[in-house]
There are 2 protein chains.
Amino acid sequence: MREILDIQKQLLPDLLDIMKKRYSILHHILVSGVVGRRTLASSLDMTERVLRGEVDFLKELGLLESDAAGMRITESGRQLLEDMLPIIKIAFGLTDLEESIAKAYGLSQVIVVPGDSDTSDFTKKELGRAGAAALRKYVAKDDIIAVTGGSTMAQIANNLAISSSMKGSWFVPARGGLGESVDMQANTIASIMAKKTGGKYRLLHVPDHLGEEAYQSLIQDPQIQEVVDAVRSCRIVVHGIGDAMVMARRRKVDAETTRSLQADGALAEAFGYYFDPQGNVVHKMPTVGLRLEDLQRIEVVIGVAGGKSKGEAIASVLRHGQENVLVTDEAAALEIMKHV
Amino acid sequence: MREILDIQKQLLPDLLDIMKKRYSILHHILVSGVVGRRTLASSLDMTERVLRGEVDFLKELGLLESDAAGMRITESGRQLLEDMLPIIKIAFGLTDLEESIAKAYGLSQVIVVPGDSDTSDFTKKELGRAGAAALRKYVAKDDIIAVTGGSTMAQIANNLAISSSMKGSWFVPARGGLGESVDMQANTIASIMAKKTGGKYRLLHVPDHLGEEAYQSLIQDPQIQEVVDAVRSCRIVVHGIGDAMVMARRRKVDAETTRSLQADGALAEAFGYYFDPQGNVVHKMPTVGLRLEDLQRIEVVIGVAGGKSKGEAIASVLRHGQENVLVTDEAAALEIMKHV
DNA sequence: AGACCTGGGACACAAAACGTCCATCAATAG
DNA sequence: CTATTGATGGACGTTTTGTGTCCCAGGTCT
């Protein structure tokens, strides 16, 4: 049942919008009894003309009837509304979730895919697909796109395809080495994405666990500097969001830092920064690349993460307030809504 | 699964057409490997421009990719096609059935609703809804519409609603008394339809089992004659189709006639005429109204009947060759296709 | 009885779809 | 190595569709 809607959404992206529109017209008429066109239009926030088009259409289908007193729902229409209820619940639960989250955190777009990435590989793939679609939507000609590492980002890379709009784009890692395993780190993801889309890429080879002195001389290096400049002038960032402790463990952060993270209440991690539940940055990984202050200037910040267990972490990063677009799954979205 | 498609079809009648179009484009590309726009257009029987529109759209969604060599399906696209298979089977089994029947019997439109009216009341209602929709589609201003009796016709009447296009229409019974019970007979149906749509009606009060002499004087009656003239000049006929023996029993036809019907191989019944499997008329009920020769002149003949048990009967009436539109259900449609 | 609201017709204007042609590029056959 | 074929993508004028805005005649409710 849910799959069929999801498949249709792939083939007709605005199917649900149309269904929702027509459903709410019918529903409104049902609860109003008899109602006039203009009244209905203002109450549904539509122009009179476009409502009229829909009404004529629904009348054609025999779901609606009208006489001089106004419009009324027919028996077929009432029956249809009843039959639609379960579909509406499923279909618009998600869009409602999307809208609620977007409103609560001031995002320009939220995409929620059905399922739970924690328990379903299919959902994880869906998340990647949706993330790739979001990136494709926002990218413009010759953009610089900064990306992070992680399994979700790898899924996005998987779902990118050659595309003329990304041909001139540059993919760069948002920040230098963060201690991830090689196939999940930002450098790898950036190069895969570039290969998949036909774009170009530059990498940031910053070894982990560098001494302060070596580090300072490294970031003076003109080649490194060039990439860092590119990163900071990017127009789009796509990044994953992780649970702070999980990330710390995966990156083999030393015991002292871990304790300090716990003491500071670190909950979430994104591009090497650790956030507490209120969205404050409590720690950052020692490497080069994107800084927090760069985010304000960056036009499109796309966060992609899912799974019930990550919901709270996502919420805390959203609370930090630099995101524009969120791609997540249903389970995480429900968790996010618990923390508004 | 099937219900959801059916509900959507009510709210977006051309949903399936669009899905079919996009599916066949993707499918064609999948089997072709790489293929050019013009080649594909001619092979799918589309103009190049409209195909291009679809292709651009599918490319936008990442289901398709193209380079100078031609168009190729992406992994997401291939996956989608795979996921779609069950939906396609269900959705286009019916449209394929519709097209096959229309072609086999030279009908201008066939509508197949899912299910079996014999076993499901829901399907019976659907049949009524579809029949009403078909009538609504073909009716024009101030038409004369001749209707017959029967439970299916009663369902159609149930699903008609007030409509400006039928306000000036006349509903008349196709033929006089045919021995049906009062709530199923053509007179009743015609008056219900008129009341439901806001149209007008004339009735044919011809008592059953009339002596020859009384009969002759009755049909000379100016008032009766007037209605009969109206019936014969109608532009639309909507009629049910029944099993010959079932109808004979229901109408309490005398034993001798029943034997004669059996001897002549009567299989089907429609508006008082009995048909053998080859579509020949082998008997007619003694009453006034529509004659077979009138059918040729009538612009729209709509037959509505469903249920697996009626499939063969429907096929024999279709074979008679005067139908334009058939509304039936899946079970009957499958039976009909066995008798081409 | 009168104010109000209804659906439906009309029309100009904007936007999308479409048919058609062409430039440019890649692959392949000769 | 070159010519040819068939590919995509851009461009542009035309047609169709969708939309905003009025208005009117006729019911309806107060």
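Calculation criteria
- Residues numbered from 1 in each chain as written.
- Chains lettered and ligands numbered in written order.
- Predicted model: local features only at pLDDT ≥ 70, side-chain atom pairs only at ≥ 80, totals over all residues.
- Heavy atoms only, no water.
- UniProt positions renumbered as here; feature names shortened; annotations may be inferred.
- Least-squares fit on C-alpha atoms with pLDDT ≥ 70 in both.
- Contact = heavy atoms within 4.5 Å.
- Near = heavy atom within 4 Å.
- Polar contact = N/O pair within 3.5 Å; in protein donor to acceptor, adjacent residues only side chain to side chain.
- Helix = DSSP H or I, 4+ residues; strand = E, 2+ residues; numbered from the N terminus.
- Nonpolar A, V, L, I, M, F, W, Y, C, P; charged D, E, K, R; others polar.
- Buried area = accessible area lost by both parts, 1.4 Å probe.
- Salt bridge = Lys/Arg side-chain N within 4 Å of Asp/Glu carboxyl O.
- Expected span 1.5 Å × (residues − 1).
- Bend = angle between axes of the 7 residues up to and from the residue.
- Buried < 20%, exposed > 50% of the residue type's maximum accessible area, 1.4 Å probe, protein only.
- Pairing = 2+ DSSP bridges.
- Right-handed = clockwise from strand over helix to strand, strands pointing away.

For chain A, an unreviewed UniProt entry supplies the name Central glycolytic genes regulator and the organism Paenibacillus marchantiophytorum. Comment text from UniProt for chain A, heading Sequence similarities (unreviewed entry), reads "Belongs to the SorC transcriptional regulatory family."

(A) View of the relation of the copies chain B and chain A. Of the transformation superimposing chain B on chain A, the axial component is 0.1 Å and the angular component is 180°, with the fit at an RMSD of 0.1 Å. With respect to symmetry, the two chain copies, as superposed, fit the operation of a two-fold axis. Among all residues of chain B, the minimum C-alpha distance to the rotation axis is found for Met1(B), at 2.8 Å. With an isologous cut-off of 70% or more, the 94% of interface residues of chain B that recur at the interface of chain A puts this contact in the isologous class.

(B) Region of the structure containing the protein's contact with DNA strand D. In the vicinity of DNA strand D, 18 residues are found, and the nearest of them are Thr47(A), Arg38(B), Thr39(B), Arg52(B) and Lys59(B). Across the atoms of DNA strand D situated within 4 Å of the protein, the share located in sugar and phosphate is 49%. Arg38(B) is positioned with one of its side-chain polar atoms (N or O) 3.0 Å from a base oxygen of DNA strand D. When contributions to the surface near DNA strand D are tallied by element, the ones reaching two or more residues are α4 (48-60) of chain A together with α3 (37-44), α4 (48-60), β1 (64-67) and β2 (70-73) of chain B. Ranked by residue count, the leading element in the surface near DNA strand D is α3(B), at three residues. Looking at the surface near DNA strand D residue by residue, the class counts come to six nonpolar, five polar and seven charged.

(C) Looking closely at the interface of chain B and chain A. Counting residues at the interface gives 34 residues for chain B and 32 residues for chain A. Note on chain B versus chain A: buried area summed over both sides is about 3000 Å², and carbon and sulfur give 71% of it. When the buried area of chain B at its contact with chain A is split by residue, Ile4(B), Ile7(B) and Leu11(B) rank highest and sum to 22% of it. Run the count over chain B and chain A and you get zero salt bridges. Viewed at the interface, chain A and chain B are joined by five residue pairs in polar contact (both at pLDDT 80 or more). Those elements that place two or more of their residues in the side of chain B that touches chain A are α1 (2-11), α2 (15-32), α4, α5 (75-105) and α6 (121-138) of chain B. The residue makeup of the side of chain B that touches chain A, split by class, is 22 nonpolar, six polar and six charged.

(D) Focus on helix α5 (residues 75-105) of chain A. All names here are of chain A. The terminal C-alpha atoms of α5, which comprises 31 residues, lie 42 Å apart, in line with the 45 Å expected from a rise of 1.5 Å per residue. Largest kink in α5: about 45°, centred on Leu 85, with the proline Pro 86 one to four residues after it. In the segment just after α5, Gly 106 is the residue with positive phi, at about 65°.

(E) Up close: the pairing of strand β12 (residues 300-304) of chain A. Residue and element names in this part refer to chain A. Among the five residues that make up β12, five are buried, leaving the element largely enclosed by the rest of the structure. Side-chain alternation along β12 places Val 300, Ile 302 and Val 304 on one buried face and Val 301 and Gly 303 on a second face that is also buried. Judged from the five bridges that link them, strand β7 (residues 236-240) and β12 form a sheet pairing that is parallel. Its bridge partner lying in β12, His 239 is registered against Gly 303. In the sheet, β12 pairs with strand β13 (residues 325-329) via three bridges, with the strands oriented parallel. Opposite Gly 303, over in β13, you have Leu 326 as the bridge partner. Between the parallel pair β12 and β13, the chain is carried across by helix α14 (residues 311-320), and the sense of this crossover is right-handed.

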